Amino acid sequence: MRSESEQTLSVSLITPTYNENENIGLLADEIFQVLDGIDDIDLELIVVDDNSPDGTGEAAEKLKERYPVQVVHRAGKLGLGSAVMEGFALSERPYLGVMDADLSHDPIVLPQLIHALRDYDLTIGSRFGETSLVEEWAWHLSWCRWSEWPWRECSPEPRIHLLVFSSCASDRWRGCP
């Protein structure tokens, strides 16, 4: 029998999408390859698609044949924040995470972030760290990242890019007391 510290960490990873047809399959492959053989992490991917005209929702549906995936098809482009909240509401797992679908996060960090939830209420990974590298970054985001100009904080990308919340935080997101 496993001790409390060795119990399986059951996680829902929310991935909001809009026009990510080319990336969603690659992202799922990378996530589940990284977690293959790590028996104490049980992860499901929840894709929340904002009616992508490129067929992202349909591509995500096909992933169900290979991986534990849920897909939410929303009626329009309703936004990142509400997509995350809808994914949180759908999850029945005690741990919640968020990851962009554009391949700007390396899933290799997932086991470290998830395992750290045994000791911390919140773990955060950011692509803005000194050792972070994003290949083929859009020119305006790359410029904002390295610029010392005051508009740097006005980048359309949020500053924190990968979050994993503990059960305490996930209960709050679901509206629990």
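Before reading further, recall that the structure is shown in the block above.
Residue positions are counted from 1 within each chain, in the order its sequence is given. Selection of residues for local features in this predicted model requires a pLDDT of at least 70, selection of side-chain atom pairs for listing and counting requires 80 or more, and totals for whole chains, interfaces and linings are taken over all residues. Calculation of side-chain values draws on the structure's entire complement of heavy atoms; hydrogens and water are dropped beforehand.

A. Focus on the nonpolar core. Core analysis: the largest hydrophobic core is formed by 26 residues, its most contacted members being Ile24, Ile31, Leu43 and Leu45. A helix here means a DSSP run of H or I that spans at least four residues, while a strand means a run of E at least two residues long, and both kinds are numbered starting from the N terminus. Looking at this core element by element, the count peaks at seven residues for helix α1 (residues 21–35). The contact criterion used is simple: two residues touch if any of their non-hydrogen atoms lie within 4.5 Å. Each residue touching Ile31, except ones within four places of it in the same chain, is listed here: Leu13, Leu43, Leu45, Met99, Pro107 and Leu110. Take the buried residues of types Ala, Val, Leu, Ile, Met, Phe, Trp, Tyr and Cys, join any two whose side-chain atoms come within 4.5 Å, and each joined set is a nonpolar core. Classification of residues uses two cut-offs on accessible area relative to the type maximum, computed with a 1.4 Å probe and protein chains only: under 20% is buried, over 50% is exposed, and between them is partly exposed. In terms of nonpolar packing, the next biggest core, distinct from the first, is built from nine residues, Ile14, Ile46, Val48 and Ala83 among them.

B. Representation of unusual backbone geometry within the structure. Within the chain, Asn19 stands out as a residue other than glycine whose phi angle is a positive 55°. Mapping Asn19 onto the fold places it in the loop between β1 (9–17) and α1. On the accessibility criterion, Asn19 (34% relative accessible area) is partly exposed. Unlike most non-glycine residues, Asn51 shows phi in positive territory, near 55°. When you line up the elements, Asn51 lands in the loop between β2 (41–49) and α2 (56–63). Relative accessible area serves as the criterion here: at 46%, Asn51 is assigned to the partly exposed category.

C. Structural detail: the environment of Asp49. Here Asp49 lies in strand β2. Distance from Asp49 to Tyr18, taken between C-alpha atoms, is 6.0 Å for residues 31 residues apart in sequence. Setting aside anything within four residues of it in sequence, one finds Asp49 in contact with Thr17, Tyr18, Thr56, Gly57, Val72, His73 and Arg74.

D. Spotlight on the packing of α1 against α2. Axis separation between α1 and α2 bottoms out at 8 Å; the angle between their running directions is 20°. Overall, the two elements α1 and α2 adopt an arrangement that is roughly parallel. Between α1 and α2 lies a crossing of right-handed hand. Within the contact between the two elements, α1 uses Asn21, Ile24, Gly25 and Ala28 and α2 uses Thr56, Ala59, Ala60 and Leu63. The residue inventory of the contact of α1 with α2, partitioned by class, reads five nonpolar, three polar and no charged. Simply put, an axis is a line fit to the C-alpha atoms, just over the touching stretch for a helix, and the angle between two N-to-C directions goes from 0 to 180 degrees. Any angle that is under 35 degrees is reported as roughly parallel, and any over 145 degrees as roughly antiparallel; angles of 65 to 115 degrees are reported as roughly perpendicular and all others as oblique. Handedness of a crossing is defined here by the sense of rotation of the near helix relative to the far one, left-handed for an anticlockwise turn of less than a right angle and right-handed for a clockwise turn. Polar here means any residue outside two lists: the nonpolar Ala, Val, Leu, Ile, Met, Phe, Trp, Tyr, Cys and Pro, and the charged Asp, Glu, Lys and Arg; Gly therefore counts as polar.

E. Region of interest: the pattern of salt bridges. The working definition used for a salt bridge is a side-chain nitrogen of Lys or Arg within 4 Å of a carboxyl oxygen of Asp or Glu. A full pass over the atoms with the stated rule returns seven salt bridges. Where Arg66 meets Asp29, a salt bridge forms, and the shortest distance between an N and an O atom there is 3.3 Å. Within this pair, whereas Arg66 is found in the loop between α2 and β3 (69–73), its partner Asp29 is found in helix α1, the two being separated by 37 residues in sequence. We classify Arg66 as exposed; its relative accessible area is 51%. For Asp42, the salt bridge is made with Arg93, and the minimal N-O distance between the two is 3.2 Å. Of the two residues, Asp42 is situated in strand β2 and Arg93 in the loop between α3 (80–90) and β4 (95–99); the sequence distance between them amounts to 51 residues.

F. The arrangement of α2 in detail. Listing the buried residues of α2 in full gives Thr56, Gly57, Ala59, Ala60 and Leu63. Here the buried residues of α2 occupy an arc of 160° about the axis, which is enough to place them on one side. Away from the buried face of α2 by more than 90 degrees, exposed residues Glu58 and Lys62 are located. Among the structural elements, β1, α1, β2 and β3 are those in contact with the buried residues of α2. Directions pointing from the helix axis toward each C-beta atom define the arc.

G. Representation of the pairing of β4 in the model. The buried fraction of β4 is high, at five of five residues. On β4, burial covers both faces: Tyr95, Gly97 and Met99 on one face and Leu96 and Val98 on the other are all buried. Here four bridges tie β1 to β4, and the two strands are oriented parallel to one another. Note on β4: the bridge partner recorded for Val11 is Tyr95. Two strands qualify as a pair provided that DSSP identifies no fewer than 2 bridges between them.

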